[in-house]
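# Secondary and tertiary structure notes
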Amino acid sequence: MRNSTYLKMALNMLLHSKLRSWLTIIGIVIGVGSVIGIVSLGDAMQASVQSSLSDLDLTKITISPGYTQASSNMHGPPGMRESGASTDSELTKDDIAALRGLDSIQYISGEISGSEKVKYAGQTATLSITGVDPQVWKYMTTLKTQSGRLLEPADKYVAVIGSSIASETYDHDIGVNQVITINNKSVRVVGVLEEKGEGDDSKIYMPIDGALNLITDAKKDVYDTITVKARSEDLVDSLMDDIVKKLMVSRHIIQEDDRDFSVTASKSMAESVTEMLSSMTLFLGAIAAVSLLVGSVGIANTMFTSVLEKTKEIGTMKAIGAKNRDILMIFLFNSAMVGFVGGILGIMLGWIVSYGLQSMMGGDMTAGGGVSISLMIEGLTLAIIIGVISGVVPAYRASKLKPVDALRYE
Amino acid sequence: MTLTEIIETFKTKLNPSKTMDSLERTANFYDESENGSGESDSGEDLKSNPYSNSATVAVKSSEATRITLNEKEPLIKLTDVWKIYQMGEVEFAALKGIDLEIYEGEFLVVLGPSGSGKSTLMNLLGCLDLPSKGTVFLNSRDISELAESELARIRGQMIGFIFQSFNLIPTLNTMGNVILPLEFQEEEPEKARQRGEYLLEIVGLSDKKFNLPSQLSGGQRQRVAIARSLAVNPPIILADEPTGNLDTKTGDYILDFLSKLHEKEGKTIIIVTHDLDIVKHATRVVYIRDGEIEKIEERTKNKSEK
Ligand SMILES: Nc1ncnc2c1ncn2[C@@H]1O[C@H](COP(=O)(O)OP(=O)(O)OP(=O)(O)O)[C@@H](O)[C@H]1O
Ligand SMILES: [Mg+2]
């Protein structure tokens, strides 16, 4: 028999198949749909995280006061670990002095931050202000301006503002050289940052000397965080250890339990985010794989039943000259076709799922959204392979039926 | 009323000769198309075999004309054939040492009561089953020694099956069923279709080409089955109770048709039945009882007892 005839016979079987077969196809549709949906969602999330990580400075290490045991191994974001026994500890210029000797450090700077009322054109908003060292900040930060400039060493009462402060917070847009009022002190805007899409867009950066006088409980030479830039990414891990050791000594801390500061690398943060993301994708993928497995068991089950139902037909076909191979191929083509149809419908479902989830999770996700052509082809191939695999055993059994026995079957 | 009279009435009613006419017409049509001769006499004789002349036949024409080397050599030969069914502990012998020779061109009727082993014998003759003991020779070859694919080839090319319960594929329409054997033999689709048209015309079902078996009457289904059994133009037709599920009228039509096939095409026809009436078409009758041959009777065709 020719392949075209197998195809014709298999199609004929599919078209005349009972409702049961179509229900089986739903199993594959859901399986393929969830795999496609999850994989493309994972891709989109990966892409969006990657794009926000790409402008993350991987050589940056942040030291903050306070320390909790639980988070010591986790390298979570600094905000998460301010609880614990020693929240009243402080970072001072002594700490910076202690660290200056470390070779791997390229730049080091202390920063303060706080929320203050900021007035512009008669409107007031409470905004987060960060005081940075103008000597080194422009070398350490990955932020870029869309207009104006970053902070220069000689600056004092000037500010670089986030893009949403410039265009959204106030009724009137703020441009370069406009003056805003922070705690009744006039501050000139020298730069507007590029949009980043996160909380960073509503931050104000100022030279630390100026900020010191504007932020309510800021003290001289006391910092909220110390930021370090390592000479290279490879040095980050060893540098973190060195920093901990150095500070333990300089702060006269002997026991690990008494430690009152935390050291975080943005690199490890990036790593843990990607790790979390990929393990999440893996987990969801596993669920999808299970549903595919269930779907393929369903196909196998239906194929077994249909072989049983068609026993007499198989006997007839053998009597009129069908070879074992012919029977095998007709049933294999049939189950491949079930997989194919399920795959097509599954891709459609997957597309809907991924589109729905992505728009649910926020607008910027849809940028990488949609189901790629290669994923569609992979999904379809997978569905056909699953169809064939689940059809192999029943089809083989059908092909091996003895003609007399098959003909006698009622 | 004599039996012949009854048959005559049935014949005129069902008019099988009309069908045969159409067969002849088609035959002439084929002759013309191939010889290019414009001769179109009514063609009472069917010496020019439409099958062997037509190029649509999948089997080699040598096979179609003559299989055995000479008349003395049996086409099928059974020597001490036993078929024993094992049912748990119990053994049951459905055939107990059958010796039988079937020659080419015979119209053989195997007659016996229900349960006597007719179908079992039939399955062996049709290479659908193998004997438990003894040998079945088909054209001098022991079928027990042939590979499954070889047996499939024999079934597909040499034997046309007609079953009591028609055994059509329910999801294929009339045409699809008729040409299915040709598909298994990888006949070209166009030729298969032509062949199908031709056969459906012969059995008078040209207008039911696209009906599914479920949309046909029992008699029509059996005619489809006959057309299917002729698809590859096999030299042997095996029929197990072909009229068992049909009324007498339709049954007679089917038998007349087979009889014509035997006379005009020289096909070897083997019918298994418990219907005494069929005997009148036979050239030889094998009486079988309890798995053994009771007697074998030579006959001259159509000279049934009045
Ligand atoms: N697969 C089987 N297993 C066990 N016994 C069987 C099997 N097939 C047939 N038989 C037995 O073999 C005997 C002959 O069966 P077979 O079908 O050949 O009878 P038959 O002559 O065709 O009868 P009928 O005219 O009713 O069709 C029966 O007694 C039956 O019970
Ligand atoms: Mg029987």
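Going along each chain's sequence as written, the residues are numbered from 1 onward. Chains and ligands are labelled sequentially in the order written, the chains with letters from A and the ligands with numbers from 1. It should be noted that, the model being predicted, local features are given only for residues of pLDDT at least 70 and side-chain atom pairs only at 80 or more, the latter also being counted only at that level, while totals for whole chains, interfaces and linings use all residues. Heavy atoms throughout the structure, all of them, feed into the side-chain values; hydrogens and water do not.

## Re the environment of A:Glu116
All names here are of chain A. Rule in force here: Starting at the N terminus, helices and strands are each numbered in turn, a helix being any DSSP run of H or I of at least four residues and a strand any DSSP run of E of at least two. We call two residues in contact whenever any of their non-hydrogen atoms come within 4.5 Å of each other. Whenever a nitrogen or oxygen atom comes within 3.5 Å of another N or O atom, the pair is scored as a polar contact, on the condition that within protein one atom can donate a hydrogen and the other can accept it, and that pairs from neighbouring residues in sequence are kept only if both atoms are in side chains.
For Glu-116, the location among the structural elements is in strand E3 (residues 105-120). With 99 residues separating them in the primary sequence, Glu-116 and Ile-215 have C-alpha atoms 6.7 Å apart. Excluding its chain neighbours within four sequence positions, the residues that come into contact with Glu-116 are Ala-125, Thr-126, Leu-127, Ile-129, Ile-182, Asn-183, Leu-214, Ile-215 and Thr-216. Within polar-contact distance, the side chain of Glu-116 engages the side chain of Asn-183 at 3.0 Å.

## Some words on the sheet that holds strand E8 (residues 268-273) of chain B
Residue and element names in this part refer to chain B. Keep this limit in mind: Strands were regarded as paired on the criterion that DSSP finds at least two bridges between them. Every axis corresponds to a line fitted to the C-alpha atoms, with the helix fit spanning only the stretch in contact, and the corresponding angles, defined between N-to-C directions, vary from 0 to 180 degrees.
As summarised here, the arrangement of the six strands in space is E6-E7-E8-E3-E9-E10, forming an open sheet in which the pairing is mixed. A single partner strand is all that each edge strand has here, and the edge strands are strand E6 (159-162) and strand E10 (292-298). Each strand of the sheet is rotated relative to its neighbour by a mean of 15°, with strand direction disregarded. Each of E6 and strand E7 (236-240) touches helix H9 (residues 218-229); the most contacted strand, E6, lies at about 170° to it.

## A short note on a nonpolar patch on the surface
Residue and element names in this part refer to chain A. The condition is simple: Think of a patch as exposed residues, more than 30% relative accessible area, with no salt bridge, where like charges cluster within 9 Å and nonpolar side chains (Val, Leu, Ile, Met, Phe, Trp, Tyr) cluster within 5 Å. The method behind every accessible area is Shrake-Rupley, applied with a 1.4 Å probe, and residues are considered shielded solely by the protein chains displayed. Whenever Lys or Arg places a side-chain nitrogen within 4 Å of a carboxyl oxygen from Asp or Glu, that contact is recorded as a salt bridge. Here the term buried applies to any residue with accessible area under 20% of the maximum for its type, exposed to any over 50%, and partly exposed to those in between, with areas from a 1.4 Å probe on protein chains only.
Taken together, Leu-19, Trp-22, Leu-23, Ile-26, Ile-30, Leu-349 and Val-353 make up a surface patch of nonpolar side chains, about 610 Å² in accessible area. Of all the secondary structure elements, the ones that give two or more residues to the nonpolar patch are helix H2 (19-54) and helix H10 (324-360). Of all the elements, H2 adds the most residues to the nonpolar patch, at five residues. When you line up the elements, Ile-26 lands in helix H2. By relative accessible area, which is 43% here, Ile-26 ends up partly exposed.

## As for the nonpolar core
How we decide: Side-chain atoms within 4.5 Å are what join buried Ala, Val, Leu, Ile, Met, Phe, Trp, Tyr and Cys residues into a set we call a nonpolar core.
The biggest cluster of nonpolar side chains holds 47 residues, and the ones touching the most others in it are A:Ile63, A:Ile161, A:Ile180, A:Ile204 and A:Ile243. By residue number, the principal contributor to this core is helix H7 (residues 236-250) of chain A, which donates seven residues. Not counting residues up to four positions away in its chain, the partners in contact with A:Ile243 are A:Ile61, A:Ile63, A:Leu99, A:Leu102, A:Val228 and A:Val263. By size, the runner-up hydrophobic cluster in this structure holds 42 residues, among which are A:Tyr6, A:Val32, A:Met337 and B:Leu180.

## A look at the pattern of salt bridges
Applying the stated criterion across every chain, the model contains 21 salt bridges over all chains. Across the pair B:Glu183 and A:Lys8 runs a salt bridge, and its minimum N-O distance is 2.8 Å. Of this pair, B:Glu183 sits in helix H7 (residues 174-184) while A:Lys8 sits in helix H1 (residues 3-15), placing the two residues on different chains. Since its relative accessible area comes to 13%, B:Glu183 is described here as buried. The partly exposed category is assigned to A:Lys8, whose relative accessible area is 46%. Between A:Arg251 and A:Asp260 there is a salt bridge, with its nearest N and O atoms 3.1 Å apart. A:Asp260 gets classed as buried once you look at its relative accessible area, which sits at 14%. What emerges from the salt-bridge pattern is a single network uniting B:Glu190, B:Arg193, B:Glu197 and B:Lys209.

## Description of the pairing of strand E11 (residues 225-230) of chain A
Residue and element names in this part refer to chain A. Most of E11 sits inside the fold, with six of its six residues counted as buried. Examined bridge by bridge, strand E1 (residues 60-65) and E11 share four bridges and lie antiparallel to one another. Across the sheet, Ile-63 pairs through a bridge with Ile-226, a residue of E11. Here E3 runs beside E11; their pairing, made up of six bridges, is antiparallel. Residue Ile-105 lies in a different strand from E11, and its bridge partner there is Ala-230.

## Comments concerning the domain arrangement of chain A
Applicable threshold: An automatic or database domain assignment provides the domain bounds reported here.
In terms of domain boundaries, chain A breaks down into domain 1 (3-52 + 272-408) and domain 2 (90-259). Between the C-alpha centres of domain 1 of chain A and domain 2 of chain A there is a distance of 55 Å.

## Section: the site of ligand 1
Selection criterion: A molecule or strand has a residue near it when one of that residue's heavy atoms lies within 4 Å.
Ligand 1 sits among 15 residues. The nearest are B:Ser114, B:Gly115, B:Lys118, B:Ser119 and B:Thr120. Ligand 1 is flanked by residues contributed from chains A and B. Contact distances for ligand 1 include 3.2 Å between an oxygen atom and a backbone N or O atom of B:Ser116. In this structure, an oxygen atom belonging to ligand 1 sits 2.7 Å away from a side-chain N or O atom of B:Ser119. For ligand 1, the accessible surface in isolation is 630 Å², of which the surrounding protein chains cover 69%.

## Examining the sheet that holds strand E1 (residues 76-87) of chain B
Residue and element names in this part refer to chain B. Pairing within the open sheet is antiparallel, and its four strands lie in the order E2-E1-E4-E5. The sheet terminates laterally at strand E2 (90-102) and strand E5 (141-142), the two strands that pair on one side only. Of the pairings in the sheet, the one linking E1 to strand E4 (residues 133-138) comprises five bridges and is antiparallel in character. Residue pairing across strands places Trp-82 opposite Lys-133, the latter belonging to E4.

## Describing H1(A)
Counted only if it meets this: What a helix is expected to span follows from its residue count: subtract one and scale by 1.5 Å.
An ideal rise of 1.5 Å per residue puts 18 Å on 13 residues; H1(A) measures up with 18 Å between its terminal C-alpha atoms. Buried residues of H1(A): A:Thr5, A:Tyr6, A:Met9, A:Ala10, A:Asn12, A:Met13 and A:Leu14, and no others. Where H1(A) is buried, its residues meet H2, helix H8 (266-309), helix H9 (311-319) and H10 of chain A together with H7 of chain B.

## Considering the pairing of E8(B)
All names here are of chain B. Here E8 lies mainly inside the structure; six of its six residues are buried. Where burial is concerned, the two faces of E8 agree: the one with Thr-268, Ile-270 and Val-272 and the one with Ile-269, Ile-271 and Thr-273 are both buried. Alignment of E7 against E8, held across five bridges, turns out to be parallel. Residue pairing across strands places Leu-238 opposite Ile-270, the latter belonging to E8.

## What to know about the side chain of B:Arg223
To keep things clear, this is the line we draw: For the purpose of charge, His is not counted, nor are the chain termini; Lys and Arg are scored as positive and Asp and Glu as negative.
Within the secondary structure layout, B:Arg223 lies in helix H9. For the buried B:Arg223, no salt bridge is present, and the opposite-charge side chain at shortest range is B:Asp207, 6.9 Å distant.

## Structural notes on the layout of surface pockets
A water-sized probe rolled over the atoms picks out the places where empty space is left. Under the convention used in this document: Every definition here rests on a 1 Å grid over the protein atoms only: cavities are sets of points where a 1.4 Å probe fits but cannot get out, pockets are open sets enclosed by protein on both sides within 12 Å along at least five of seven lines, and lining residues have some atom within 4 Å of a point. Grid points are joined across faces, edges and corners, and a volume is the space filled by probe spheres set on the points. Residues are grouped as follows: Ala, Val, Leu, Ile, Met, Phe, Trp, Tyr, Cys and Pro are nonpolar; Asp, Glu, Lys and Arg are charged; all remaining types, including Gly, are polar.
Of the pockets and cavities examined, the second largest pocket occupies roughly 690 Å³. Taken together, 25 residues form the lining of the second largest pocket, with A:Arg408, B:Ser119, B:Thr120, B:Asn123 and B:Asp240 sitting closest to its centre. Sorting the residues of the lining of the second largest pocket by element identifies helix H12 (403-408) of chain A together with E2 and helix H5 (118-125) of chain B as the ones contributing at least two each. Among the elements that make up the lining of the second largest pocket, the one with the highest residue count is H5(B) (five residues). Grouping the amino acids of the lining of the second largest pocket by side-chain chemistry returns eight nonpolar, 11 polar and six charged.

## Examining a negative patch on the surface
Residue and element names in this part refer to chain A. Heads up, the condition is: Taken as the charge location is NZ of Lys, CZ of Arg, CG of Asp or CD of Glu.
Together, Glu-233, Asp-234, Glu-271 and Glu-275 give the surface a local cluster of negative charge. By the element assignment, Glu-275 lies in helix H8. Among the residues examined, Glu-275 registers a relative accessible area of 55% and is labelled exposed.

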